[in-house]
Structures are given as structure tokens and as C-alpha cells.
Amino acid sequence: MNVSSDTQPAAAIRLLAISGSLRRASHSTAVLRHMATLLPADVQQRLFTLEEIPPYDGDLDGPQPPAAVAELKDAIAQADGLVICSPEYNYGMPGVLKNAIDWASRPAFASPLKGKPALVITASPGALGGVRAQGQIRDALAATLARPLSRPHVAIPLIASRFQDGQLSDATTLEMLQAALADLLAEIRLLAAARG
Ligand code: FNR
């Protein structure tokens, strides 16, 4: 099963967290896991890992895509918003993340991503925090008609130094993540109010 629950089951707002890294010791995934602990009581976050998503193949695309892809699309459809945290690979977004966005973006302009608010975070051991990947992730999401959050980019540089004893402990980073989460939840509530 790709989807794991990070918090309690019943919630008013459901977030889907997606990491751009498959590594077991991934800092990006660790950031997402920590963010689950920052949520208000009425918000639930599920983490979807991408290791079972096959390379995009138009011959396999359609109403019954591969099982892992169907699971991903279903998880996105059920979520009120996305939280993506990713490293940068060679000045861009990791292939596994682009591949997942490509699968999830079908059918074009009518996929589960359409209208979905998305908080995009990048994290890197380097000084730029993966900001070049962030631009690509936001562009790809915009191409799907998702709604990458319009706010200052959340790019975390020197990522390893933000952790102490395996815990995300850097106060500045935590403040930045709290503010970004608050913006995402505000956007989700605004959209829900507009829908009536
Ligand atoms: C990297 N890394 C990297 N970092 C960066 O800031 N800019 C870059 O262009 C690249 N390029 C790059 C390419 C490849 C193939 C790898 C494997 C790595 C370093 C990368 O940010 C680092 O490995 C992160 O720690 C990976 O994130 P996770 O797995 O800890 O989430």
C-alpha cells in the first residue's frame, strides 16, 4: 500500500503529502513527517510515497491505469490540498516527482489535480534550498491546473543542519513551515467557502 496515515482518521481538512525523494532517510520526507505534527486537530495528513509508480506510458494510461497510479489519483482526489516537499536533482525536480505529476495530470485539464491547492517546499544540503526545482514543480502543477500556493517560496537550505537527533528542530525553519501551512489551510478554507 502506498498510502500511510500520519495522523488520526477523521478530519475536516485532508492533506496529501508527497515527497520527491524515495530515500528511506530522506530529509524531504522527514520534513513532511514533521509537518504532520504541526497540524491543527481538525486537519489530517497522509503521506504517499512514489516508489511503486511506474514510468509514464501512454499505452497504459486511461480509465484503468496501473494500480499504484490509480491509488495516487484517488488519494489526490480525496485530498483538499497537497503538500509537496522535494530535493533538487541537477538543477531540477527529481524524475520520480515529475513522473507522478504526469500520471496524475491525466486526463488533461480534468484530472484530480485540477483546482487542487498545493504547498510546494524544497530542501537541499546546498545554499539555495532547491529553489530551481521549486520553480519547475510549481510550473508543472500550474500546467495541470492545480493551484500552487501564491506566497513566498519555501526553500530550506543546509537541510541536514536543521535536524538534531533526527528531529526537525531549527526554529526559523519551523516558523517558515508553520506560516506556509497556515496559508495552505486558509486557501483551502477560502475555496470551500466559495463552493458553499
Ligand atoms: C543532487 N543534489 C543536488 N542538490 C542541489 O541543491 N542541487 C542540485 O542540482 C543537486 N543535484 C543532485 C543530483 C542528484 C542525482 C542527486 C542524487 C543529488 C543533492 C540533493 O539535494 C541531496 O542528495 C538531498 O539530500 C536529497 O534529498 P533527500 O533524499 O534527503 O530528501
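The model shown is predicted, which means the values in this text are computed figures rather than measured ones.

The next point concerns the site of the ligand. Around the ligand lies a shell of 13 residues, among which Ser21, Arg23, Ser26, Glu88 and Ser124 are the nearest. Here an oxygen atom of the ligand sits 2.9 Å away from a polar atom, N or O, in the main chain of histidine 27. With respect to the ligand, the side chain of glutamate 88 contributes an N or O atom lying 2.8 Å from a nitrogen atom. Protein chains bury 69% of the 630 Å² of accessible surface belonging to the ligand in isolation. Of the residues in the shell around the ligand, the class split is four nonpolar, six polar and three charged.

Here we take up the packing of helix α2 (residues 67-78) against helix α3 (residues 95-104). At their nearest, the axes of α2 and α3 sit 10 Å apart, and the two run at 75 degrees to each other. Comparing the axis directions of α2 and α3 gives the class roughly perpendicular. Of α3, the residues touching α2 (which contributes Val69, Leu72, Lys73 and Ile76) are Ala100, Trp103 and Ala104. Class assignment for the residues of the contact of α2 with α3 results in six nonpolar, no polar and one charged.

Across the six residues of strand β3 (residues 43-48), five count as buried, placing the element largely inside the fold. Sheet topology note: the strand β2 (residues 13-19)/β3 ladder contains six bridges and is parallel. By the bridge assignment, leucine 15 is partnered in β3 with glutamine 45. As a crossover connection, the stretch from β2 through helix α1 (residues 27-36) into β3 is right-handed.

Put simply, arginine 106 and proline 107 share a cis peptide bond, and its omega is -5 degrees. With respect to the secondary-structure elements, proline 107 resides in the loop between α3 and β5 (117-123). Look at phenylalanine 109: it is not a glycine, yet its phi comes out positive at around 65 degrees. Assignment of secondary structure puts phenylalanine 109 in the loop between α3 and β5.

Okay, the environment of arginine 147 next. Considering the arrangement of structural elements, one finds arginine 147 in strand β6 (residues 147-148). We classify arginine 147 as partly exposed; its relative accessible area is 38%. For the pair arginine 147 and alanine 118, spaced 29 residues apart in the sequence, the C-alpha separation amounts to 5.8 Å.

If the charged atoms of two oppositely charged side chains come close together, the side chains can form a pair. Under the criterion given, the structure shown has eight salt bridges. Where arginine 162 meets aspartate 170, a salt bridge forms, and the shortest distance between an N and an O atom there is 3.3 Å.

Attention now moves to the pairing of β5. Burial analysis of β5 places seven of its seven residues in the buried class, which makes it a mostly covered element. Pairing geometry for strand β4 (residues 81-86) and β5, over five bridges, is parallel. Paired with cysteine 85 across the strands is isoleucine 121, a residue of β5. Traced from β4 through α3 to β5, the parallel crossover comes out right-handed.

The rules behind each value
Residues numbered from 1 in each chain as written. Predicted model: local features only at pLDDT ≥ 70, side-chain atom pairs only at ≥ 80, totals over all residues. Heavy atoms only, no water. Near = heavy atom within 4 Å. Polar contact = N/O pair within 3.5 Å; in protein donor to acceptor, adjacent residues only side chain to side chain. Areas by Shrake-Rupley, 256 points an atom, 1.4 Å probe, with all protein chains shown as cover. Nonpolar A, V, L, I, M, F, W, Y, C, P; charged D, E, K, R; others polar. Axes fitted to C-alpha atoms, helices over the stretch in contact; angles between N-to-C directions. Helix = DSSP H or I, 4+ residues; strand = E, 2+ residues; numbered from the N terminus. Parallel < 35°, antiparallel > 145°, perpendicular 65-115°, else oblique. Contact = heavy atoms within 4.5 Å. Buried < 20%, exposed > 50% of the residue type's maximum accessible area, 1.4 Å probe, protein only. Pairing = 2+ DSSP bridges. Right-handed = clockwise from strand over helix to strand, strands pointing away. Salt bridge = Lys/Arg side-chain N within 4 Å of Asp/Glu carboxyl O.

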